[in-house]
Amino acid sequence: MSASHIDRRAEVVRLRAERPRSLTVRFSLVFFCALAVFAWVSGEIDAVDFLSKRRRANVERFLEQDVLPYPLRESVRTEGGGGTLELLWSWVAELWTDRGADAFWTTLWISTLAIVLAGVSAVILSAPAARTLMRTEPFARTPARGAGEWPWRICAEAVRFSLVGLRAIPEFVWAFLFLALFGPGAWPAILALAIHNAGILGRLNADTVENLDGGPLRALRSLGASRRQVFGLAILPLALSRFLLYFFYRFETCVREATVLGMLGIVSLGYWIQDARARQRYDEMVLFVVLGALLVLVADVLSQLARAALRRAR
Amino acid sequence: MLERRFIFERRGQIALLVLAAGALAFQRLGLDPRDLVPHAGGAQIAREFFGAALRPALTFEGALETSSGTFLGRVALALYRTVIFAAAAMGLAIVFGLGLGFVASSSWWSRERFGGRTVARRLSLRAIAMSVQAATRLFIALLRSVHELIWAVLFLAAFGLNTMSCVLALAIPYAGTLAKVYSEMLDEASDAAPGALRDLGASELLVFLCGRLPRAMPDMAAYTFYRFECAVRSSAVLGFFGYPTLGYYLKLSFENLDYREVWTYLYALFLLVVVFELWSSRLRNRFVA
């Protein structure tokens, strides 16, 4: 082995020893690997029962009979084929005109209104949640210290804390609570989705504002602009692309969730999924599940198109 | 002047379009803002419910409670199960998300790796690579497009109530989401390190695993952690369908009108999520630094 080869080897060993390491990262990795392994052996998860004979028989019945669309099942029993495709199509068409179309559009409108409400409130909330704006001297290069800073700081942290509260509670739980307060209708779902997403978008928007380049904002401020003017004339135009990117990213999730909230009794797609399940019409249930999946795919494409347009506009 | 420029800009138009869509939705749903004032019964519930916010229960509220153990013990058990189900599901989702994410990324099917020497060979290999990748992406989209609660309902119908079906219901859409994001992060990672390895003569598999993967790893880990937090929330909600997580007990308490118990569960969930958020933001700082 040549000397240079050994040198290089020593260099590699030295580089490896000096690579950045963090106790936090290591501990987290070990902890979560251990947690995932422990979860499987904790005895809380019935993997054995899941594969038992009884379960398998259940699944077989479900797949071979229950989810077969009604006209198919009938024709299999009577003669076996013959005009089944037509029957199948009319079955789908009837369910679509009867309930599907209405629920499909309701789901889409609920999620649209909810995400717009969330987006608007998140833009408004991003101002008091931005720590760089909430100072006696906003966007100053060296933040001032002193007793005067405390009210501003407390205010910003309080807004951020309540945003955590909004997003920590899942939409489904919000909707469940609101349903008892407002009674059935679209409002509980809209409010639940809007509140949860306002918590998420508010935080993302506030982080965006904090990460903005301070130069133009300082300049405007030194010309005597008020905080509100700085926000409306400089922050909003500078951050709007980012705000909209986050908005469309959440829109997709919002549609997914709106489908599900129907299971609580709001007439979106989930309502008919739950209804078909209660009546044990599993063929209808699967059809509505597929319809919901289609809606999510449509929203996915819409949001990707919008985000692509935004990236080009920047 | 500024307003006029704003309106003629693309993003200004998109913003206005969004607001118009919101107005249209409001009109199509036939909503009445007056319905937001709770009806008489609702107002009564609201008063009692929000009145209990500052006095979360520390012991069982219901007179009919016969179960052994303390209330706080039950809250702890609910939290424990919520985390356990989320962890088990994330374990599965990460394994399958990584596998699917590799196959769905463009860098896995790199030209250098699936090139071939002759034109015919190159074309056929490219065609195979593209179709496998497209099929994987479609499969991932299908996994993602059905919500975890709907998977849970489907599994309930097919298997009956079983905790394993709860874990699977969570793991399937999460594997899809992780796979999609992993593949995007792998493709967006810088080309410098893989290129350098390739110039040194490393095999293409090594270029991917030792050049590209480590570059994308910090982002992937941070995102995984964020999804873990989402999984904890979803796992709590799955309780509403009869699985023994937090949502099950929350629903029970709400239906028994034990609002102070409901608030304890809400605060517990809040605390759990805050702990995860603080932890993950600390991790992100480490990764970036």
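Everything in this summary refers to the structure shown in the same document. Values in this document were obtained by computation on a predicted structure and should not be read as measured data.

Basis of the calculations
Residues numbered from 1 in each chain as written. Chains lettered and ligands numbered in written order. Predicted model: local features only at pLDDT ≥ 70, side-chain atom pairs only at ≥ 80, totals over all residues. Heavy atoms only, no water. Helix = DSSP H or I, 4+ residues; strand = E, 2+ residues; numbered from the N terminus. Buried < 20%, exposed > 50% of the residue type's maximum accessible area, 1.4 Å probe, protein only. Contact = heavy atoms within 4.5 Å. Areas by Shrake-Rupley, 256 points an atom, 1.4 Å probe, with all protein chains shown as cover. Lys, Arg positive; Asp, Glu negative; His and termini not counted. Charge placed at Lys NZ, Arg CZ, Asp CG, Glu CD. Rg over C-alpha atoms; globule rule 2.2 N^0.38 Å. Buried area = accessible area lost by both parts, 1.4 Å probe. Salt bridge = Lys/Arg side-chain N within 4 Å of Asp/Glu carboxyl O. Polar contact = N/O pair within 3.5 Å; in protein donor to acceptor, adjacent residues only side chain to side chain. Nonpolar A, V, L, I, M, F, W, Y, C, P; charged D, E, K, R; others polar.

Across its full length, chain A carries 13 helices and zero strands. In chain A, the succession of α and β elements from N to C terminus is α-α-α-α-α-α-α-α-α-α-α-α-α. The 314 residues of chain A split such that 48% are buried. Once local pairs closer than 6 in sequence are excluded, the contacts in chain A between residues at least 24 apart make up 70%. Only carbon and sulfur atoms are counted for the fraction: they give 63% of the accessible area of chain A, which is about 16,300 Å². Put simply, chain A has 37 plus and 28 minus side-chain charges, and the middle of one group is 12 Å from the middle of the other.

On to the overall build of chain B. For chain B, the count of helices and strands is eleven helices and zero strands. Ordering the α and β elements of chain B from the N terminus gives α-α-α-α-α-α-α-α-α-α-α. In terms of overall size, chain B is more extended than a compact globule, its C-alpha atoms giving a radius of gyration of 25 Å where 289 residues would be expected to give roughly 19 Å. Oriented by its inertia axes, the alpha-carbon framework of chain B measures out at about 80 × 60 × 45 Å. Taken over 289 residues, chain B has a buried fraction of 52%. With the model as given, the accessible surface of chain B reaches about 14,300 Å², and the carbon-plus-sulfur share is 65%. Distance from the positive charge centre (29 side chains) to the negative charge centre (21 side chains) of chain B: 8 Å.

Turning our attention to the interface of chain A and chain B. Contacts between the two partners involve 82 residues from chain A, matched on the other side by 85 residues from chain B. For the pair chain A and chain B, the summed buried surface comes to about 7,300 Å²; carbon and sulfur atoms form 75% of the total. Notably, a salt bridge pairs A:Asp300 with B:Arg144, separated by 2.8 Å at the nearest N-O pair. Across the chain A-chain B interface, the total number found is 15 residue pairs in polar contact (both at pLDDT 80 or more). Looking at the side of chain A that touches chain B residue by residue, the classes come out as 56 nonpolar, 13 polar and 13 charged.

The tally for this structure, following the rule as stated, stands at 22 salt bridges over all chains. The partner of A:Arg160 in a salt bridge is A:Asp207, and the shortest N-O contact between them spans 2.9 Å. Residue A:Arg160 is found in helix 7 (residues 149-168), and its partner A:Asp207 is found in helix 9 (residues 187-211); the two are separated by 47 residues along the sequence. Relative accessible area serves as the criterion here: at 23%, A:Asp207 is assigned to the partly exposed category. One salt bridge in this structure joins B:Arg198 and B:Glu204, with 2.8 Å as the shortest N-O distance. A relative accessible area of 29% places B:Arg198 in the partly exposed class. Look at the salt bridges and you will find they share partners, linking A:Arg131, A:Glu157, A:Arg160, A:Arg167, A:Arg203, A:Asp207, A:Glu210 and B:Glu277 into a network.

Spatial relationships are all this shows, so hold off on functional conclusions.
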